[in-house]
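An overview of the molecular structure
Given next are the chains, with one letter for each unit.
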Amino acid sequence: MGFCMSVRDVLSPFTAWKNLFLDPVTIRDPLNDRPGAARYRGFHQNDVGRCIGCGTCETICQNGAIDMVPAEGIETKQGDSGLRPRIDYGRCCWCALCVDVCMTGSLTMSNAYKWVESDPDLFRFTPGVDRKYWDDAERGYRRPEDHRLTPRERAHMGEMAPEARIGSFDEIVHGYSIEQARLEADRCVACGLCVATCPAHMAIPDYIAAVRDGDYERGLRLLYDTNPFSQICGRICTHRCETTCAARHEGDPIAIRWLKRHICDQIPHEKYLEIVGKPAPATGKRVAIVGAGPAGLTAAFDLAKQGHSVTVFEALDKPGGMTRWGIPEYRLPYDIIDREVAVIRSLGVDIRCNQRIGRDISLKSLRNGHDAVLITLGLQLGRSTRIPGSDHADVRKSVDLLRQARACEDFGTPRQAVVIGGGNVAMDIARTLARLQKLAYGEVRVTVTALEDFAHFLADPEEVKEAGEEGILILDARGPQQVVVEDGKVVGLRTWRVKAIFDEQGRFAPSYDETDEQFHPGEMVVESIGQMTDTALLGDALSEQLAWNRGRLQVDLGGRTSESWLWAAGDMVRGPDVVSAVADGHRVAASIHAALNPMKERQ
Amino acid sequence: MAYQPDRSQYPARRPDGLSRHPASRDTSTALCVGSLDIDLASGKYLKLWQGPNHPGITGNMSLELTVCGDEVVEGKTHVGYLHRGFEKLMERRTFIQCFPIVCRICVPEPDFNEYCYAAAVEELAGIQSPERADWIRTLILEMGRINSYLMYLGGQAGAFGLGVIGQWTTYVRDLMLDRFEELSGARIYHMFILPGGVRDGLPDGFEQRMEETLVEIERVMSDVLDVMFRNAVFKKRAVGLGYIDPALIEPYGVTGPPARAAGVAKDVRKDQPYLVYPQLDFEPVTGADSDVYTRADVRRRDLLMSIDLVRQILARMPKEGPLMAKIPNVLHWKIPRGETYIRGECSRGEYGYYLVTDGSGYPRRVNVRGPSYTHAMALMERLIVNCNIADVAGLLVSLHTYPPEIER
């Protein structure tokens, strides 16, 4: 190579002069003449209407540049923390991990890169709330379509095939294996929106973390901190938490309910008593609770742990309330309820069955023998449509039928049945009848007629899907008009198509298209349109004394009625689902405890 | 009292030390030869600090020179002016949170940090990045190599007073930064290669614009050949300067172009192929004379080879397919106990990441092996002896060192 110099080496450098005649390559005004590339990671934009304030961006930011702060002018709604990310451009490194991890896709970046201020504090701003000129820029970094930093799909839950499950009352879902549960728990971003939504405010991200760590005892302890019906809720909770889960927005919500069930299933029953712990020293106070459902037993659990002597009076022959008598076994096996009740009994709670108010005991005697009385009567009476023919003996209420089915009483399974109603209870009775039909006659002939259309259906989508798989015919937007009776026997139901359920003022006043009439044959019609409390149990005298509010017993925030010795809780006050009853049980127990310990409370 | 420098690391000074003619090169490969008495009070020697802020220093490091006349009789390298503690910072960050900071370890060629870190995490977590992502990773690494060489060429020429080369290479480097911007969303810190794959595919029309950029770079490189490499001034100063004996390559851990310029065909892309290099056609560029001129020429030809590799990649890469492997939720990503060393051939030599994990959500230890550490510190102290003061800058630049990467 070139140790030998040549004339060329002297002349060649002068070729640089040819550049004199070229145009300059510099851009005179780069800020205006040259916009950032379409993917440029410029200043942040946030669609605050789409943002749910889950704070995942704050969690992932390695510079601590993001703080979640309350934002003005944002309507507070379910599943939204009301906070919005504030970004400190003194710390931001424009890595866009916040954009990549954003659970709703609301956070993006514009391709703008010019921002001049004289006040350095202004470079800490809340995108979307503090308006900027680039807010509406269409170009800039967006998370690419398939680019996700958190898995979107739910871990598969095994379940029985429709053909197999229709022939028995065995539990449908198998439950997660440890591997499946870890995969599912891994998806959680621990934003805590679910905690705010859960009526019992269970420590959901914490127990999901316990599943990740495989520390099931810690998980169970966390469950029982807030919910003594965790085993039951792990199977049949209405899981409102999952409707506000941050993962729901761009994927499947975390299977919070199944993870709760998984924790419960991993711990042997003997361990439960150890983990739940021992009650406090006896206070000498006596509390009577009427009704051994979730609300009553939760209150019993709390009060017993606090050292009070608790006696529960149950009208039926087994405790559990609606969880035992209203929910089919394929969703909630009996032994789960027995195990749950055993935990509560282990704290010294005395549960006396076959003790009906007004028949075996009186509220007056309870008042005299106890320092406080709590009634949790539940919703035991089915409502009627009151259409012509609905007074026939073969027009039944779903709540009664479910109770009979669970008690294995023979109520004469119809070969063909029509269910009126579109809620979860309607699905429960329809699927129960379908199983009984399959067992008795080998075929399923159940029709469900719901007032709502499928877009506004009340029952959970998976219930509707599974019922369809089991051969049940579900018709939406059908208004019941008449139960047709011939020769003294029910032969079916006549319905009209529903045009609207509510009137212009939003009141319940269905309007029908009379030209669209259908007849649904069936020898039994089941009404499943709602339930109410049997307040006659209170007796006339007490009912007179108590304050009422639109047919419901009036209670204060702690569940105390206008009579200072009497509290009420559960479905008869709020509801109706298990976890709401549990939350109510906690509330009322705290109120009773405070009333029993006035001095301590004041300290 | 007479100043007694520790000369145990250096060969004895040659009587004809000022001569840089190849025939008179020191061919001694001994590491411990003799010692030199330097009496600063004698008035014969002078201490001269070059850096940490000095145009003849590549970035923030410093040379402590002992000169006699205009000849360096001893040089010590000092680093530590740019320590940001990245390796330690990473021990307190989750695996995904390390991703945005690794690129900062080496500013002019950040992508190797992203690749090595991602590959190390993937190996320990048992993840395989998708094929299309590997092609894009290779593309980015070659684009980064071109940029790094362009920056070097400007510096190398500038160190000998040829200012125009830097202006030209900066111009075409900017064109390549435009391509980086449209591909990755950023010009300098691309933050594009992350554990599991890459963020996105190529934008529409990228191949066409890249081809235009490559053609422009080739045009400028042909000018650079005329004005820099066929230049009497550059040859006068660069030929014979900073000779690295091939026998020193192994003991000093010399890699990359400095090794290849000595005729040792070391190239991790060939020696231990990674990404899609086995599917690309190329031969490591080597030289023979092992001086500043040869090293510059090896880099120039390596740059042209990278241009060819970029063309090969764009022509052959799959256009469809996933870009990210299935990774767990990054917010609580725990990686089983293990350790690995991932290496790659960056523009300056072998770049490597040693990663130790302990089953937690954080790296237990990260050690970055950058070529600048060995080249700029140990090797430089040896090469600088008998160098003319005016040539020190050219010598240091010829080792192509980036102090940010020395100080992790």
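Since this is a predicted model, take the numbers as computed values, not measurements.

1. With respect to the overall build of chain A
Scanning chain A from N- to C-terminus turns up 23 helices and 22 strands. A compact globule built from 603 residues would reach a C-alpha radius of gyration of about 25 Å, whereas chain A, at 32 Å, exceeds it by more than 25%. With the C-alpha coordinates of chain A rotated into their principal frame, the extents come out at 120 × 70 × 50 Å. Taking all contacts inside chain A whose residues are at least 6 apart in sequence as the whole, residues at least 24 apart take part in 71%. When the accessible surface of chain A is totalled, it reaches about 27500 Å², and 50% of it is carbon and sulfur. In chain A, which carries 73 positive and 85 negative side-chain charges, the distance between the mean positions of the two groups comes to 3 Å.

2. Focus on a nonpolar patch on the surface
Together, Val-7, Val-10, Leu-11, Phe-14, Trp-17, Leu-20 and Phe-21 of chain A give the surface a local cluster of nonpolar side chains, amounting to about 860 Å² of exposed area. Mapped onto the elements, Phe-14 of chain A comes out in the loop between helix H1 (7-11) and helix H2 (30-33).

3. Structural notes on the interface of chain B and chain A
Between chain B and chain A, the contact holds 51 residues from the first and 48 residues from the second. For the pair chain B and chain A, the two sides together bury roughly 3900 Å², of which 55% comes from carbon and sulfur. In terms of surface lost to chain A, no three residues of chain B exceed Arg-199, Leu-331 and His-332 of chain B, which account for 17% of the buried area on that side. At the boundary of chain B with chain A, the tally comes to seven salt bridges. Of the charged contacts in the structure, one is a salt bridge between Asp-100 of chain A and Arg-199 of chain B, with a shortest N-O distance of 2.7 Å. Linking chain B to chain A there are 28 residue pairs in polar contact (both at pLDDT 80 or more). At the level of secondary structure, the elements contributing two or more residues to the side of chain B that touches chain A comprise helix H2 (95-102), helix H5 (163-184), helix H6 (206-229), helix H7 (232-238) and helix H10 (292-316) of chain B. Ranked by residues supplied to the side of chain B that touches chain A, first place goes to H5 of chain B with seven residues.

4. Let's talk about the pattern of salt bridges
Residues and elements named next belong to chain A. Tallied over the entire structure, the rule returns 79 salt bridges over all chains. In this structure, the salt-bridge partner of Arg-86 is Asp-67, at a minimum N-O distance of 3.5 Å. Of this pair, Arg-86 sits in strand S3 (residues 83-88) while Asp-67 sits in strand S2 (residues 66-70), and the two are 19 residues apart along the sequence. We note a salt bridge from Asp-584 to Arg-574, for which the minimum N-O separation is 2.6 Å. On the criterion of sequence distance, the pair formed by Asp-584 in helix H22 (residues 578-596) and Arg-574 in the loop between strand S22 (566-568) and H22 is long-range, its members being ten residues apart. Residues joined by salt bridges that share partners form a network here, namely Glu-159, Arg-165, Arg-331, Asp-428, Arg-431, Arg-435, Glu-463, Lys-465, Glu-466, Glu-469 and Glu-470.

5. Regarding the packing of aromatic side chains
Taken as a whole and judged by the stated rule, the model has 27 aromatic pairs over all chains. Here Tyr-89 of chain A and Trp-115 of chain A contribute two aromatic rings whose centre-to-centre distance is 5.8 Å and whose plane-to-plane angle is 80°, an arrangement assigned as edge-to-face. Here the residue Tyr-89 of chain A occupies a position in the loop between S3 and helix H4 (97-101), and Trp-115 of chain A occupies one in the loop between strand S4 (107-109) and strand S5 (124-125), the gap between them amounting to 26 residues. Pairwise contacts between aromatic rings join Phe-43, Tyr-89, Trp-94, Trp-115, Phe-123, Phe-125, Tyr-133 and Trp-134 of chain A into one cluster. Directly above the aromatic system of Phe-282 of chain B lies the positively charged group of Lys-270 of chain B, at a separation of 4.4 Å from the ring centroid. Geometry around Phe-229 of chain B places Arg-300 of chain B over its ring, the cationic atom sitting 5.2 Å from the centre.

6. Things to note about H5 of chain B
If you check H5 of chain B, its first and last C-alpha atoms are 31 Å apart, about what 22 residues at 1.5 Å a residue would give, namely 32 Å. Positioned one or two residues after H5 of chain B, Gly-185 of chain B has a phi angle of 95°, which is positive.

7. Focus: the confidence of the model for chain B
Residue and element names in this part refer to chain B. Confidence in the prediction of chain B, expressed as mean pLDDT, is 88, and 90% of residues score 70 or more. Within the model, pLDDT remains below 50 along residues 7-35, and this stretch shows 58 contacts once partners closer than five positions in the same chain are excluded. With a pTM of 0.87, the predicted complex shows an ipTM of 0.86.

8. Quick word on the side chain of Arg-300 of chain B
Mapped onto the elements, Arg-300 of chain B comes out in helix H10. The residues touching Arg-300 of chain B, leaving out its near neighbours within four places in the chain, are Met-221, Leu-225 and Phe-229 of chain B.

9. Some remarks on the side chain of Thr-298 of chain A
With respect to the element layout, Thr-298 of chain A can be found in helix H14 (residues 294-305). Apart from residues lying up to four places away in sequence, Thr-298 of chain A is in contact with Pro-228, Phe-229, Val-582, Gly-585 and His-586 of chain A.

10. Considering the pairing of strand S7 (residues 349-357) of chain B
Residue and element names in this part refer to chain B. Most of S7 is tucked away: eight of the nine residues are buried. In the sheet, strand S6 (residues 338-346) pairs with S7 via nine bridges, with the strands oriented antiparallel. Across the sheet, the residue bridging to Cys-346 is Gly-349, located in S7. Sheet topology note: the S7/strand S8 (residues 363-369) ladder contains six bridges and is antiparallel.

11. A few points about the environment of Gly-73 of chain A
Residue and element names in this part refer to chain A. You can see Gly-73 is positioned in the loop between S2 and S3. Since its relative accessible area comes to 83%, Gly-73 is described here as exposed. Spatially, the C-alpha atom of Gly-73 lies 8.4 Å from that of Val-129, the residues being 56 residues apart in sequence.

12. Comments concerning unusual backbone geometry
Residues and elements named next belong to chain A. We note that Trp-94 has phi near 55°; this positive angle belongs to a residue other than glycine. Along the chain, Trp-94 turns up in the loop between S3 and H4. Phi angles above zero are rare outside glycine, and Cys-408 is one such case at about 60°. Relative to the assigned elements, Cys-408 resides in the loop between helix H18 (398-406) and strand S12 (417-420).

About the cut-offs
Residues numbered from 1 in each chain as written. Chains lettered and ligands numbered in written order. Predicted model: local features only at pLDDT ≥ 70, side-chain atom pairs only at ≥ 80, totals over all residues. Heavy atoms only, no water. Helix = DSSP H or I, 4+ residues; strand = E, 2+ residues; numbered from the N terminus. Rg over C-alpha atoms; globule rule 2.2 N^0.38 Å. Contact = heavy atoms within 4.5 Å. Areas by Shrake-Rupley, 256 points an atom, 1.4 Å probe, with all protein chains shown as cover. Lys, Arg positive; Asp, Glu negative; His and termini not counted. Charge placed at Lys NZ, Arg CZ, Asp CG, Glu CD. Patch = residues over 30% accessible without salt bridge, like charges linked within 9 Å, V, L, I, M, F, W, Y side chains within 5 Å. Salt bridge = Lys/Arg side-chain N within 4 Å of Asp/Glu carboxyl O. Buried area = accessible area lost by both parts, 1.4 Å probe. Polar contact = N/O pair within 3.5 Å; in protein donor to acceptor, adjacent residues only side chain to side chain. Phe/Tyr/Trp six-rings, centres within 6.5 Å; stacked < 30°, edge-to-face > 60°. Lys NZ or Arg CZ within 6 Å of the ring centre and 35° of its normal. Expected span 1.5 Å × (residues − 1). pLDDT = per-residue confidence, 0-100. Buried < 20%, exposed > 50% of the residue type's maximum accessible area, 1.4 Å probe, protein only. Pairing = 2+ DSSP bridges.

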